[in-house]
Amino acid sequence: METTAAKSLIGTRKPHLGDTTFHISLYVAGAIVVVVLASILLIMFLGGRQAFETFGVGFIWSTEWNAVTSIYGALPAITGTLITALLAICIAWPIGFGIAFFLTEICPRALRAPLGIAIELLAAIPSIVYGMWGFFVLAPFMAETVQPWLTEVFAWIPPLGDSFFWFSAPPLGVGLMTASLVLAVMILPFIAATTRDVMLSTPQLLKDGAYAMGATRWETLTGVVIPAVRGSLFGAVFLGLGRALGETMAVVFVIGNATRMPDSLYAPSASIASVVANNFPEAETGSIQLAALLGLGFILFVVSFGVLALARLLLRQERMA
Amino acid sequence: MLNQLTKSVGRVVRAAAIAAVIGGGIAAASAQDITGACATFPGPIYTKWGEQYKATGAGALNYQAVGSGAGVTQIINRTVDFGASDTPVASERLASNNLLQFPAVIGAVVVVVNIPGVDGANLKLNGAVIADIYQGRIRMWNAKEIKDLNPGVTLPAVAIAPAYRADSSGTTNIFTSYLASVSLPFQTNVGAGNSVPWKTGVGAPGNAGVAAAVKNTKGGIGYVEYAYATENGMQAPMLENRAKKFVKPTVAGFNAAASQANWNNAPNMAASMLNMSGDTTWPIVSATYVLVPKNPSDPVRAANVLKFFDWAFKSGGPAADQLHYIALPKAVQDQVRKKWTTISANGQPVWK
């Protein structure tokens, strides 16, 4: 026997207030991301338009950044940004990968949790602390020990063209190499933690199968784990790269803040973020300098966006193949 | 549109600063309080004056050392009661924004060095040599140019590592203005300004950063405010002044420069004190300037700003001495007070 209350529920579907609200709020949440992203890009572009109009493509390709004569070219900052970020990835990726594999496969069970937490704590250190550590501890060490040694070891490498001397430079302590090392330490926990999670997601059945067939740990890693999670491994790296590209405070301390083209891997340089941070407080409203700084921000946005897009593209090809 | 944007950013920053002040347990804003956005060069002395002024029972000074550029921008937007700049603002800009400019306090920039085995405080340098060092023309401490200035001193074959301010700053402006005035190549290749295209060396953030960079690097040379050099126990070499005499940085030498400046004829009271004549004069001295609206919308707050600086002129001398700044000469203070009478709100003079 049906009650009247139950009858009214059967067959018809009344719009439910809570349901509709939830539905709309999800759309709003989704839209916020797009709106914020688009408006940041737009405002950066509008703010930097004056610089793009004044200097044209030269704004990207010119090597001169001169606040006295108001000539602004972004190439030194772009170069510094890309070199430090790429070097940092080259240093942090193998180490992060090693940490992750150690934690998931080799580490004694009792050590796993504390080590994992230690890595996550590394990610929680504020970037200014990394900057000060880099400036007061790493930079003098680089100047007195590492740089003289590396200069000697790599002295045989011929210079690139007539201006880029790879490893020969006066030991100032701060510069591209120091900045890359600090950035590497900063992105290491991100890469290690993400890679660990990805590796943990490899089905145990696959690994057990490999071990059962007599595979060594190395063979299991290269034959089973990596192919199973290859796409996500790239994701971990690009997450770190994204952070390295935009890092500001730590870089200001250790990069040497020289807006000229670097002539060696130790040379003081500047990144886009450090140039903006250093000059923004003194940039006058409506000035070409402010426009140039906002234009730099726009370029950084596009570079980061490009890196991510490239990563996606690589991943897609990876999956198709 | 961008103006609007920067304005609102300024407002947010100010709101945040006020929130921080209240959150920090400092007395909430009262009618007597004034706000200022200023250059970093005079930061320590304004803070000290603010504390002492408050102790006299007057209002509090909420001061943000945000840099000269931001200080000027904020007073143009009228988001603060006074702005400050380490470099005089151009006359047209003062006129178009209805601002009055006056000097508040005088400071000196010194060179600091770290040369292994050499007593930096007794080293002799001149402007031309320093300009060449900062252009990468002199690269070793035992270069002939430096040896010639220091007969009898054994200089090591150590590479010179110049350090400069990474952030754009009034200190850089004073230092580069001096170098540009004594070295034509420096003026053409580098120029003078808050941030300049340095040809060599490394940039470190803030006075403290430059001081640390010099301390950390063998063969380092840098420039900082005198206060930072003395506080950090750094070696500041002698410089050759206009009278071809080598002088050590002393408050007496700074005072000599201040007394030489031509205050009477300087437009907007922006008298240069760089490379003044006189046997004891220190060559790199400059005033830092305060900007107030000529037509304030709130006459009470405007009067409070003037009262604060009046107090600072009368009673702020000891604090200035203590922090190695130089108070304005008495005659200049009176000239400044005379300028204040031109400020009026609704037709009424604010300063009587």
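Residues numbered from 1 in each chain as written. Chains lettered and ligands numbered in written order. Predicted model: local features only at pLDDT ≥ 70, side-chain atom pairs only at ≥ 80, totals over all residues. Heavy atoms only, no water.

Undergrad: Which parts of the structure should I look at to understand the overall build of chain B?
TA: Scanning chain B for helices and strands turns up 14 helices and 13 strands. Since a compact globule built from 352 residues should have a radius of gyration of about 20 Å, the 21 Å found for chain B is in line with a globular shape. Overall, chain B is about 65 × 40 × 40 Å in size when its C-alpha atoms are taken along their principal axes. Across the 352 residues that make up chain B, the buried fraction comes to 57%. Within chain B, contacts between residues separated by at least 24 positions form 75% of all contacts whose residues are at least 6 apart in sequence. Per element, the accessible surface of chain B, about 13600 Å² overall, is 53% carbon and sulfur. Across chain B, 29 positive and 18 negative side-chain charges occur, with their mean positions spaced 4 Å apart. (Helix = DSSP H or I, 4+ residues; strand = E, 2+ residues; numbered from the N terminus. Rg over C-alpha atoms; globule rule 2.2 N^0.38 Å. Buried < 20%, exposed > 50% of the residue type's maximum accessible area, 1.4 Å probe, protein only. Contact = heavy atoms within 4.5 Å. Areas by Shrake-Rupley, 256 points an atom, 1.4 Å probe, with all protein chains shown as cover. Lys, Arg positive; Asp, Glu negative; His and termini not counted. Charge placed at Lys NZ, Arg CZ, Asp CG, Glu CD.)

Undergrad: Sorry if this is basic, but what is going on with the nonpolar core here?
TA: One broad rule of soluble globular proteins: the nonpolar side chains tend to lie buried together. With 148 residues, the main nonpolar core has Y46, W49, W141, F175, F309 and W340 of chain B as its most contacted residues. Counting residues per element, this core draws most heavily on strand β4 (residues 99-114) of chain B, at 11 residues. The two domains that each donate at least three residues to this core are domain 1 (8-107 + 287-349) and domain 2 (109-269) of chain B. Apart from the residues within four sequence positions on either side, Y46 of chain B is in contact with C38, L61, Y63, A84, A104, V105, T288, V290, F308 and F309 of chain B. Membership of the second largest hydrophobic core comes to 22 residues, among which are F52, Y72, V275 and A283 of chain A. (Core = buried A, V, L, I, M, F, W, Y, C linked by side-chain atoms within 4.5 Å. Domains from an automatic or database assignment.)

Undergrad: Any chance you could explain the domain arrangement of chain B here in plain terms?
TA: Accessible area lost upon the coming together of the parts is a frequently used measure of interface size. Residues and elements named next belong to chain B. Split into domains, chain B comes out as domain 1 (8-107 + 287-349) and domain 2 (109-269). A C-alpha centroid distance of 29 Å is found between domain 1 and domain 2. Across the boundary between the two partners, domain 1 contributes 22 residues, which contact 19 residues of domain 2. Taking both partners together, domain 1 and domain 2 bury about 1800 Å²; carbon and sulfur atoms supply 62% of that area. Looking at the side of domain 1 facing domain 2, the largest losses of area belong to F41, H324 and I326, adding up to 30% of the total buried there. Our count for the contact surface shared by domain 1 and domain 2 stands at zero salt bridges. Applying the counting criterion to the domain 1 and domain 2 interface returns three residue pairs in polar contact (both at pLDDT 80 or more). (Buried area = accessible area lost by both parts, 1.4 Å probe. Salt bridge = Lys/Arg side-chain N within 4 Å of Asp/Glu carboxyl O. Polar contact = N/O pair within 3.5 Å; in protein donor to acceptor, adjacent residues only side chain to side chain.)

Undergrad: Could you clarify how one ought to interpret the confidence of the model for chain A in this entry?
TA: Interpretation of the predicted coordinates at a detailed level should be avoided for regions scoring low in pLDDT. Counting all residues, the mean pLDDT for chain A is 85, and 92% of those residues have values of 70 or more. Across chain A, the secondary-structure element scoring lowest on mean pLDDT is helix α1 (residues 4-9) of chain A, at 56, and the one scoring highest is helix α2 (residues 17-55) of chain A, at 92. (pLDDT = per-residue confidence, 0-100.)

Undergrad: Explain the packing of aromatic side chains here, please?
TA: Two aromatic rings, taken as a pair, are described by how far apart their centres are and by the angle between their planes. Residue and element names in this part refer to chain B. Tallied over the entire structure, the rule returns 30 aromatic pairs over all chains. When the ring of Y46 is compared with that of F309, the centres are 6.0 Å apart and the planes differ by 80°; the resulting orientation is edge-to-face. Taken together, the residues span a long stretch of sequence, with Y46 in helix α2 (residues 43-55) and F309 in helix α12 (residues 299-315) at a distance of 263 residues. The residues Y46 and F309 share a single accessibility class, namely buried. Clustering of aromatic rings is evident, with ring pairs tying together Y46, W49, Y53, F82, F102, F308, F309, W311, F313, W340 and W351. (Phe/Tyr/Trp six-rings, centres within 6.5 Å; stacked < 30°, edge-to-face > 60°.)

Undergrad: What exactly am I supposed to notice about the sheet that holds strand β9 (residues 238-240) of chain B here?
TA: Sheet strands pair by backbone hydrogen bonding; their relative direction is either parallel or antiparallel. Residue and element names in this part refer to chain B. Reading across the sheet, the three strands line up as β5-β9-β10 and stay open at both edges, with mixed pairing between neighbours. The sheet is open, and its two edges are formed by β5 (124-125) and β10 (246-247), each paired on a single side. Relative to β9, β5 is paired through two bridges, and the arrangement is parallel. Along β9, the bridge assignment pairs L125 with L239. (Pairing = 2+ DSSP bridges.)

Undergrad: Could you clarify how one ought to interpret the confidence of the model for chain B in this entry?
TA: Overall, the predicted model of chain B reaches an average pLDDT of 84, with 91% of residues at or above 70. Predicted complex, confidence summary: ipTM 0.78, pTM 0.80.

Undergrad: So what exactly am I meant to see when it comes to the pairing of strand β6 (residues 161-165) of chain B here?
TA: In regular strands, side chains alternate between the two faces of the sheet. Residues and elements named next belong to chain B. Counted residue by residue, β6 has five buried out of five residues, so it is predominantly covered. The sheet contact formed by β6 and strand β8 (residues 220-225) spans two bridges and is parallel. Within the sheet, the bridge partner assigned to P162 lies in β8 and is I221. Pairing analysis gives three bridges linking β6 to strand β7 (residues 202-204), with the strands arranged parallel. Paired with Y164 across the strands is G203, a residue of β7.

Undergrad: Even after reading the chapter, I still don't get the side chain of T220 of chain A, so can you show me in this structure?
TA: Residue and element names in this part refer to chain A. Looking at the secondary structure, you find T220 in helix α9 (residues 217-246). Relative accessible area serves as the criterion here: at 1%, T220 is assigned to the buried category. Residues in contact with T220, not counting those within four places in the same chain, are K207, A210, Y211, A215 and V225.

Undergrad: I'm lost on the sheet that holds β7 of chain B in this one. Help?
TA: All names here are of chain B. Within the open sheet, the eight strands sit side by side as β2-β1-β3-β11-β4-β8-β6-β7. Their pairing is mixed. The sheet terminates laterally at β2 (61-65) and β7, the two strands that pair on one side only. Averaged over all adjacent pairs, the angle separating strand axes in this sheet is 25°, with direction ignored. (Axes fitted to C-alpha atoms, helices over the stretch in contact; angles between N-to-C directions.)

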